[in-house]
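Structural characterization, general
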Amino acid sequence: MRFLIRINSRSATGEKAYEGGSCAAPEPRAPASSGGVRARGGPGRCQRAEPAPPGAGAAGAQRRGPGARRHGGLKEELLKSIWHAFTALDLDRSGKVSKSQLKVLSHNLCTVLNVPHDPVALEEHFRDDDEGPVSNQGYMPYLNKFILEKVQGNFDKVEFNRMCWTLCAKKNLSKSPLLISDEDAFKVWVIFNFLSEDKYPLIIVPEEIEYLLKKITEAMGAGWQQEQFDHYKIALNTSREGLSAWELIDLIGSGQFSKGMDKQTVSMAINEVFNELILDVLKQGYMLKKGHKRKNWMERWFVLKPNSISYYVSEDLKDKKGDIILDGNCCVEALPDKDGKKCLFLIKCLDKTFEISASDKKKKQEWIQAIQTTVNLLRAGSPPPHKEARQKRKELRQKLLAEQEELERQMKELQAANENKQKELETVRKQLEAAAARAAEEEKKRLQTQAELQDRFSLELEREKMVRQKMEEQVAQKSSELEQYLQRVRELEEMYTQLQEALEDEKQARQDEETVRKLQARLLEEESAKRAELEKWHLQQQQTIEMTEAEKQELENQRMMKEQALQVAMQQLKQLELERKEALEQYEEVKKKLETAANNTKSWKDKVAHHEGLIRLIEPGSKNPHLITNWGPAAFTEAELEERQRSWKGKKATSE
């Protein structure tokens, strides 16, 4: 998500200032104040940044009761990101921000926090006249009254933080190459706002730095280097109280505590810590869920949060299938194995019941314990574990600081009392010296008086010595008690460190076991996939063989049919050949007969022609007109003449 911020004095009255696009706002600068701001200025002038009014911080929220404290906690978290955005607009680091920029910032905050924007109230708050500024309440009262007090929690925290990050990142982010990407730097920045102290300028103390680096190291699966961090902590304590957000990003991005890890591993570790601390993801993983309608089992990616369990198609969280809303009335219980499903457990809510199957007994127990813990926290009204742990760490630091201040105060009181006694003894010594001088001068006159005074002063000196000795004994006793107390504190710190190490060892063992289990599961899945693929190939080969056999049989049948047809055709051909030979023989016989008849006819006709002038055959007359020759009507017809011509031509062709 990218943001477009138009710096325009009329942007709050008519046009929307929060849109997708590039960030055109002024680049961020260093912090300007220590909490909220007060805005003052006239037309075209700048607003002066001042401290937030009383009651705007954690102390004010503490005076308002539990519900107000929860709202105040949300307000404090929002104020940290808003503080970064506000100080980024302070271009010349003078504590002044232009009025138009504050209007645009307010409009953007209303947009991302889903708060109705009131341009009339904004203009009323920043109204000016010719004589100078009219609004002297400042920006913090407007921010509290018209924005933060209306926040209901139904907004996207990531989008809100990204808007503030867009304003301040470009100016403050280091230009040197880092091991982490800009997206990872944004997540570290959000985690910094979560772990930083509730005082401005915002810093993160060494204890929280150690906590964060340990979480990232555990997520990477690497070992924590306590000695290296101790050296870094000593060097840090000698120069400052903690780190700013940008220094923390540089520290993590430099790879000083993640040597040997690639960029992707560090990014995955930061994302895991971000999901836990910021998105309140208490547990996540794949499990099988039984459907309510079709009663089929489907694998889903489950995400446990403080008040719900969401399940998705896969771990990319793109296709959400539903939510299981948790409250104090919900319960979870284990189920016996049934229908071929193992590691079953049941989540009972007021309106629905959900049957879920874990991958193994360990996962089943972990999910049951995590869900039951979440339900118990909802019943008790307690915050999520990481927020409660953060609050306990802050309270412990405050308690140790108060005890240290009390010890310093007692030491100062003892030192002051000792100095007072020393002064008193010095005064008495001077008085004794003066008395001795006066006694020496009046030795002859007041010998008896001097002896009495000397005895009296000796007694007083002894008494003062005894008092001084008692005071020294008391000081030694107090010092011994202080040393015992410090020794006890060191023992408790060592015990806490040992418990932390044991917990880290247990977490590492669980993580190793989980890694081996995932590897085994992946190998089994790969083996199943390969086996299914081989079976598929085998079936395809069998189908191909069967199809080949069928085609072969069909071709064989066609060949047999063609052979039979060929045999029938051969027989018919032989029969036709025989018939042709018989016809040829008959033709030869007819030809011979015709030739014989033709020869006979020729010889007879020649004879007739030779004697034609003398004799003429008597033939029946034709109905057709008779041909006329030189000797009269012809004795042959026209058809006979054509037949003779053809015969003559045939003979001529044969002779040639």
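Before reading on, note that the structure itself is shown above.
A short tour of the structure in this document, coming up. Model, not experiment: these values are computed from the prediction.

Rules used throughout
- The residue count restarts for each chain, going from 1 along the sequence in the order it is written.
- Restriction of local features to residues with pLDDT of at least 70 applies here, the model being predicted, together with a cutoff of 80 or more for giving and counting side-chain atom pairs; totals for whole chains, interfaces and linings are based on all residues.
- Remark: hydrogens and water are excluded; side-chain values derive from all non-hydrogen atoms of the structure.
- Going along the chain from the N terminus, every DSSP run of H or I of four or more residues is numbered as a helix, and every run of E of two or more is numbered as a strand.
- The contact criterion used is simple: two residues touch if any of their non-hydrogen atoms lie within 4.5 Å.
- All accessibility values rest on the Shrake-Rupley procedure with a 1.4 Å probe; residue burial counts only the protein chains present in the view.
- For this document, the term salt bridge refers to a Lys or Arg side-chain nitrogen within 4 Å of an Asp or Glu carboxyl oxygen.
- We call a residue buried when its accessible area falls under 20% of the maximum for its residue type, exposed when it is over 50%, and partly exposed in between, using a 1.4 Å probe and counting protein chains only.
- Multiply 1.5 Å by the residue count of a helix minus one, and that product is the helix's expected span.
- Every definition here rests on a 1 Å grid over the protein atoms only: cavities are sets of points where a 1.4 Å probe fits but cannot get out, pockets are open sets enclosed by protein on both sides within 12 Å along at least five of seven lines, and lining residues have some atom within 4 Å of a point.
- Grid points are joined across faces, edges and corners, and a volume is the space filled by probe spheres set on the points.
- Note on residue categories: nonpolar means Ala, Val, Leu, Ile, Met, Phe, Trp, Tyr, Cys or Pro, charged means Asp, Glu, Lys or Arg, and polar means any other residue, Gly included.
- Pairing between two strands is assigned when DSSP locates at least 2 bridges connecting them.
- Where helices are involved, their axes are fitted lines through C-alpha atoms of the stretch in contact, as for all axes, and angles between N-to-C directions lie from 0 to 180°.
- Helix crossings get a hand from a simple test, with the near helix turned counterclockwise from the far one by less than a right angle marking a left-handed crossing and a clockwise turn marking a right-handed one.
- Stacked, edge-to-face and tilted are the three classes for Phe, Tyr and Trp ring pairs, Trp counted by its six-membered ring, which pair at centre distances within 6.5 Å; planes under 30 degrees apart are stacked, over 60 edge-to-face, the rest tilted.
- Any Lys NZ or Arg CZ that is within 6 Å of a ring centre and within 35 degrees of that ring's normal is treated as a charge sitting over the ring.

1. Concerning the overall build of the chain
A tally of helices and strands in the chain yields 15 helices and 13 strands. Considering only contacts in the chain between residues 6 or more positions apart, those separated by 24 or more positions represent 61%. Carbon and sulfur atoms form 52% of the exposed surface of the chain, whose accessible area is close to 42,400 Å².

2. Considering the pattern of salt bridges
Side chains bearing opposite charge may pair, as long as their charged atoms lie close to each other. Taken as a whole and assessed by the stated rule, the structure comprises 34 salt bridges. Across the pair Arg429 and Glu433 runs a salt bridge whose closest N-O atoms are separated by 2.5 Å. Linking Arg429 with Glu433, this pair stays in helix α13 (residues 385–441), spanning 4 residues, or about one helical turn. When its relative accessible area of 37% is taken as the criterion, Arg429 is described as partly exposed. Look at Glu433 and you get partly exposed, because its relative accessible area is 46%. What emerges from the salt-bridge pattern is a single network uniting Lys283, Asp360, Lys363, Glu366, Glu514 and Arg517.

3. Remarks on helix α3 (residues 99–112)
Between its first and last C-alpha atoms α3 spans 20 Å; for 14 residues at 1.5 Å apiece the expected length is 20 Å, and the two agree. Of all 14 residues making up α3, 13 are buried, and the element is well covered by its neighbours. One or two steps after α3, the chain reaches Asn114, where phi turns positive at roughly 55°.

4. As for the side chain of Glu210
Among the structural elements, Glu210 can be located in helix α8 (residues 206–220). A residue is classified by how much of its surface remains accessible, and Glu210, at 14% relative accessible area, is buried.

5. A few points about empty space enclosed by the protein
Within this structure, the stated rule accounts for 3 cavities of 30 Å³ or more. Taken as a whole, the largest cavity encloses approximately 200 Å³ of empty space. In terms of lining residues, the largest cavity is bounded by 15 residues, among which Glu77, Lys157, Asn161, Val190 and Ile278 are the most central. Elements with a contribution of two residues or more to the lining of the largest cavity: α2 (66–88), α6 (157–172) and α7 (182–195). Per-element accounting of the lining of the largest cavity gives the leading share, 4 residues, to α2. Taken together, the residues that form the lining of the largest cavity break down as 8 nonpolar, 3 polar and 4 charged. Volume-wise, the second largest cavity comes out at about 90 Å³. If you trace the second largest cavity, you find it lined by Leu213, Ile216, Thr217, Met220, Leu251, Ile252, Gly255, Gln256, Phe257, Ser258 and Val266. Where the lining of the second largest cavity is concerned, the elements lending two or more residues are α8 and α10 (245–253). A per-element tally of the lining of the second largest cavity places α8 first, with 4 residues.

6. Here's the deal with the pairing of strand β10 (residues 344–348)
Of all 5 residues that make up β10, 4 are buried, and the element is covered over most of its length. As paired elements, strand β9 (residues 331–335) and β10 share 5 bridges and run antiparallel to each other. Across the sheet, Leu335 pairs through a bridge with Leu344, a residue of β10. Pairing of β10 with strand β11 (residues 353–357), which is carried by 5 bridges, proceeds in the antiparallel orientation. Note on β11: the bridge partner recorded for Leu346 is Glu355. In this antiparallel pair of consecutive strands, β10 and β11, the connection spans 4 residues.

7. Here we look at the packing of α8 against α10
Relative orientation of the contacting elements α8 and α10 amounts to 35°, with a least axis distance of 12 Å. Crossing of α8 against α10: the hand is right-handed. Along the contact surface, α8 presents Ile209, Leu212, Leu213 and Ile216, while α10 presents Leu248, Leu251 and Ile252. Residue composition of the contact of α8 with α10, by class: 7 nonpolar, no polar and no charged.

8. Quick word on the environment of Lys171
Following the sequence through the fold, Lys171 ends up in helix α6. Of the residues examined, Lys171 reaches a relative accessible area of 30% and is grouped as partly exposed.

9. A short note on the sheet that holds β10
Sheet strands pair by backbone hydrogen bonding; their relative direction is either parallel or antiparallel. Strand order in the open sheet formed by 7 strands is β8-β7-β6-β5-β11-β10-β9, with antiparallel pairing between adjacent strands. A strand with exactly one partner marks an edge of an open sheet, and here the two such strands are β8 (320–325) and β9. Ignoring which end each strand starts from, the neighbouring axes of this sheet average 35° apart. Contacts from helix α12 (residues 361–380) reach β5 (283–290), β6 (297–305), β7 (308–312), β9 and β10, with the element oriented near 105° to β5.

10. Points about helix α5 (residues 139–147)
Counted residue by residue, α5 has 7 buried out of 9 residues, so it is predominantly covered. What α5 keeps buried is the set Tyr139, Met140, Tyr142, Leu143, Asn144, Phe146 and Ile147.

11. Things to note about the packing of aromatic side chains
Scanning all chains against the criterion turns up 14 aromatic pairs. An angle of 65° between the planes, with centres 5.9 Å apart, marks the rings of Trp165 and Phe186 as edge-to-face. Within this pair, whereas Trp165 is found in helix α6, its partner Phe186 is found in helix α7, the two being separated by 21 residues in sequence. With relative accessibility at 1%, the residue Phe186 sits in the buried group. Each ring, one from Phe302 and one from Tyr311, has its centre 5.7 Å from the other, and the planes form 35°; the classification is tilted. As far as the burial class goes, Phe302 and Tyr311 line up, both buried. The rings of Trp165, Phe186, Trp189 and Trp246 are connected pair by pair, giving a single aromatic cluster. Lying across the ring of Phe186, Arg162 places its NZ or CZ 4.3 Å from the centre. One cation-aromatic arrangement involves Arg456 over Phe457; the distance from NZ or CZ to the ring centre is 5.0 Å.

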